[in-house]
Amino acid sequence: MQSFTKVKTLITPLDKVNVDTDQIVPKQFLKLVQKSGFGKFLFYNWRYDDNEQLKSDFVLNDLKYKNSKILVAGDNFGCGSSREHAVWALQDYGFSVVISTSFADIFYSNCFKNGILPIILDSKTVEKLQQETTEVEVDLKNQIIKTSSQTIPFDIDSHKKKILLEGLDDIAHTLLYEKQISEFEKQSKIPSVL
Amino acid sequence: MEKTLFEKIWDAHIVVEKKNGPSLIYIDRHLVHEVTSPQAFDGLRMNNRKVRRPDLTIATMDHNVPTNNRTLPILDQTSAIQIQTLEKNCNDFGIQLFDINSPNQGIVHVIGPQLGITLPGSTIVCGDSHTSTHGAFGALAFGIGTSEVEHVLASQTLWLEKPIPFEIRVEGKRKNPHAVTAKDIILSIIKNIGTSGGNGTVIEYRGDGISDLSMEQRMTICNMSIEAGARAGLIAPDEKTFEYLRGRKYTPKNYESLVDYWRDNLKTDSDAKFEKKYTLHIDDIVPQVSWGTNPGMTCDVTESIPSPEEYSKGDQNQKRGAEKALEYMALKPGTPITEIKIDRVFIGSCTNARLEDLIEASKVVKGKKISSYVRAMVVPGSQMVKKQAEELGLDKIFTDADFEWRDAGCSMCLGMNPDILSPGERCASTSNRNFEGRQGTGGRTHLVSPVMAAAAAIAGHFVDVREMDLN
C-alpha cells in the first residue's frame, strides 16, 4: 500500500451531511473486477447531468479545486453500503485526506487500507475549514493541519497512524501470528461449515 | 466481571490482544458474494496466498443476478463477467459456491440462517453491510470492505477496535402485530436515534418487544442496525433461535451439545454495563413510511410530510439535508402520507423477503388486483423461500393480483441487475435504503413493511394497513 506523510493543497468543501457510499460511487459502477479506474465515477450523479455533461454547480467541477487532495464534508460521511469502491474512487480521483465531524465505521476502516487519511474534527473547525481559500497542509507525522492563520491538532490511533506512514501490508503483518491463530483454532467451539 | 453478550462473544474470539490498539479477532464464518470479492481474490493471487479455511467460507451470487428466466444468458456483460469471476475464484480456491442454478442460491443473509450456517455465539463477516442480519441468532456479525475480505480469506482473522455496547430496549406490545411489524419497530428506532446514532457501537436489542418476535422478524430488526450506523445488532438466543436452526442442511452434528452451552452462556449478565442506552415503547407505534433520502427521514403513516424546520429541530446542516431530500423526492411539507401516489412496489431484499414476509403480504393481496397504474414485483429472498412460498400457493395469490413473481436476488433493493426504477418513479419498497438513486438513477424510494407495500400496490397510494382485516 502507498504510504501517507504530508499533503498541501486547497480544500474542496462539500457542503452535505450524511453522504452515503451510494452517492460516492453509484451501484452501476460496482461491476468492475479490478481496483483501479473508479475516479471517473466519483459522485457521479452529482457531477454529471443526464447527458453526461459536467454540472457547473457541483464543487468538484470548479476548476480551482482540480488539484485538491483534501475533501471536507459534513456529519456522518461514508454511511450505508460497505463498498470499498467508494474509497477507491476518492483515491483514484486524487483525494488522500477526508475531513468530517464523523465517519461511518466501515468507510473509516476502509480508508486505512488504501492510504487515505480520515480526520475527525469538531463541527466549528470543519465549518471554518470549508471557508478556507488558501492552501492547507495536513501533516500526519506531527498530527497537525496548518492553515494560513492557525495550526489545528488532530487525533489518530497510533496503530492506524503507523499503517499509513509506513504503507504496511496488513496481511503480511497478521501472518506473523500464525502460531497464535493455529492455537486458537485448536480450542474453538464453532465447527466447520462443511 | 459482569459482561454483555457482545463482550462475551468478543472475548471468546480474541487471538491476539494488545494494550493499546486493535485486537486480532477470529472469524468463524465468512460469506462471499460476487460484487465485493473479485479484488480480494486478485490480491491473494498477486501475493501467492491461499484461502486459510475454505471450510469456513461459503459463496453465493446475489447482488447482480437477473431475477427472471434463469435459462437465458445474462445480457449485461459486466454482470456476467463478475459472476464468472466468482465461479472461477471459488473453483481455484476450493470454496463452496451456491451458483445461479443452485436450489440454495439466494441473498447471502437469507441463505446463511436457512442453511444453518449462521450459529449463535459465532463471528460472521461478509463484504456487505447488512451482515448485521445474522445478529438475530446471537452471532457477532458485521460488514467489511474488500481489503478486509482479502484479510479474512488469507488469515481467518481481522484486526478490530472494540466497539461500544449499546442497549436498545423494546418494551410493550403492539396492538395489531399483523399491521405494525418488525420493520415499523426498527424504522421507529432509526427515526429516533438517527442514522449515526449507533456509530461505533454494537447494539443489543432486548425487552419483551423483541423476545415476542419470530426469528424472521428479529432478522429484520438486526438487518437495519447498520442504517442507524451500528457495526452490528445482536439478540440473545432463546428456544426460538435453537429451534429455527435445528435440522438444517449445515446444522452441526453436535448441535444439541452446542445448544446446551449456548443456553448457559450466551446472555448479558444482569449487572453488565452498557455505555449507551435507548428505550422504545411499542404499545402505540403505527406503520412507518420514509419520506426522505435516508432511513432516519421517516414518519407515521398517519402524519404529513414534515417541514425542514420541524424535522431538523434547529440544526442548520440537517435542515439543508431535509430541503435537498424533499426536492429530490418531489414532496411538499404538509402533504398527508396517505395522499402520496406510487408507481412501483418492490417486495424483496435481505430485510423483508423471507417466507413470513411473503405470507403476511399475501393476506393483503388475496383476491384483489393492484392499481392500474402500479407495477409491482415480489422477489423472494432465496430460491428456498421461493419454493416454500409456491408450495403454499403464494405465487398464485400474487400473480392473480398482477404482481410479477421472480427468482431470488438483491434485485431492486440496489438495482445492480435489470430491476431498476426509471427517473422520477416513486416506489413503495420493503428494502433498507432510500438513498438518492439507490433503486435507479432519479428513482424515489419510500421504505415500508411488506404489508404496507402490498396495501399501497392495491390502492395506488399509501394507506394505513391497520384499517384492513389481516387476520
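Just above sits the structure.
Presented here is a report on the structure given in the accompanying data block. (Residues numbered from 1 in each chain as written. Chains lettered and ligands numbered in written order. Predicted model: local features only at pLDDT ≥ 70, side-chain atom pairs only at ≥ 80, totals over all residues. Heavy atoms only, no water.)

1. Here we look at the overall build of chain B
The helix and strand tally for chain B stands at 16 helices and 19 strands. Over its C-alpha atoms chain B spans a radius of gyration of 21 Å, differing by no more than 12% from the 23 Å that the globule rule assigns to 471 residues. When the backbone C-alpha atoms are referred to their principal axes, chain B occupies close to 55 × 55 × 45 Å. Carbon and sulfur atoms provide 49% of the accessible area of chain B, an area that totals close to 15,900 Å². Computed over 54 positive and 61 negative side-chain charges, the separation of the two mean positions in chain B equals 2 Å. (Helix = DSSP H or I, 4+ residues; strand = E, 2+ residues; numbered from the N terminus. Rg over C-alpha atoms; globule rule 2.2 N^0.38 Å. Areas by Shrake-Rupley, 256 points an atom, 1.4 Å probe, with all protein chains shown as cover. Lys, Arg positive; Asp, Glu negative; His and termini not counted. Charge placed at Lys NZ, Arg CZ, Asp CG, Glu CD.)

2. Comments concerning the pattern of salt bridges
Taken as a whole and assessed by the stated rule, the structure comprises 45 salt bridges over all chains. B:Lys396 is the salt-bridge partner of B:Asp400, the closest N and O atoms lying 3.1 Å from each other. With B:Asp400 and B:Lys396 both in helix H15 (residues 394-400) and four residues apart, this pair spans about one turn of that helix. Taking the relative accessible area as the measure of exposure, B:Asp400 reaches 40% and is therefore partly exposed. Here B:Arg466 makes a salt bridge to B:Asp464, at a shortest N to O gap of 2.6 Å. By relative accessible area, which is 34% here, B:Arg466 ends up partly exposed. The network of salt bridges with shared partners includes A:Glu178, A:Glu185, B:Arg52, B:Arg53 and B:Asp55. (Salt bridge = Lys/Arg side-chain N within 4 Å of Asp/Glu carboxyl O. Buried < 20%, exposed > 50% of the residue type's maximum accessible area, 1.4 Å probe, protein only.)

3. Re unusual backbone geometry
Residues and elements named next belong to chain B. One non-glycine residue, Ala330, adopts positive backbone phi at about 55°. Following the sequence through the fold, Ala330 ends up in the loop between helix H12 (316-329) and strand S15 (344-347). For Ser349, which is not glycine, the phi torsion reads 90° and is therefore positive. Structurally, the position occupied by Ser349 is in the loop between S15 and helix H13 (355-365).

4. Looking at the packing of aromatic side chains
In total, this model carries 25 aromatic pairs over all chains according to the counting rule given. With a centroid separation of 5.9 Å and 35° between ring planes, the pair formed by A:Phe103 and A:Tyr108 is classed as tilted. Measuring from centroid to centroid gives 6.0 Å for B:Phe398 and B:Trp405, while their planes differ by 15°, and the two rings are stacked. The buried category is assigned to B:Phe398, whose relative accessible area is 0%. Each residue in the set A:Phe29, A:Phe38, A:Phe41, A:Tyr44, A:Tyr48 and A:Trp88 is aromatic and connected to the rest through ring pairs, giving one cluster. Between the NZ or CZ atom of A:Lys16 and the centre of the ring of A:Trp46, over which it lies, the distance is 4.2 Å. A cation over an aromatic ring shows up here: A:Lys160 above the ring of A:Phe112, its NZ or CZ 5.5 Å from the ring centre. (Phe/Tyr/Trp six-rings, centres within 6.5 Å; stacked < 30°, edge-to-face > 60°. Lys NZ or Arg CZ within 6 Å of the ring centre and 35° of its normal.)

5. Overview of the interface of chain A and chain B
Counting residues at the interface gives 60 residues for chain A and 81 residues for chain B. For the pairing of chain A and chain B, the buried interface totals around 5,600 Å² over both sides, and the portion due to carbon and sulfur atoms is 54%. When the area that chain A buries against chain B is broken down by residue, the three leading residues are A:Lys27, A:Lys31 and A:Val193, summing to 13%. Counting every contact that joins chain A to chain B gives eight salt bridges. (Contact = heavy atoms within 4.5 Å. Buried area = accessible area lost by both parts, 1.4 Å probe.)

6. Concerning empty space enclosed by the protein
Taken as a whole and judged by the stated rule, the model has two cavities of 30 Å³ or more. Considering only enclosed or pocket space, the largest cavity measures out at about 220 Å³ in volume. Around the largest cavity, the lining comprises 24 residues; the ones closest to its centre are B:His63, B:Asp128, B:His130, B:Leu414 and B:Arg438. Its residues assigned to classes, the lining of the largest cavity shows eight nonpolar, eleven polar and five charged. Estimated volume of the second largest cavity: approximately 120 Å³. Forming the boundary of the second largest cavity are 17 residues, of which A:Cys79, A:Gly80, B:Thr195, B:Ile226 and B:Gly229 lie nearest the centre. Of the residues in the lining of the second largest cavity, the class split is seven nonpolar, seven polar and three charged. (1 Å grid on protein atoms, 1.4 Å probe; cavity = no way out; pocket = protein on both sides within 12 Å on 5 of 7 lines; lining within 4 Å. Points joined across faces, edges and corners; volume = space filled by probe spheres on them. Nonpolar A, V, L, I, M, F, W, Y, C, P; charged D, E, K, R; others polar.)

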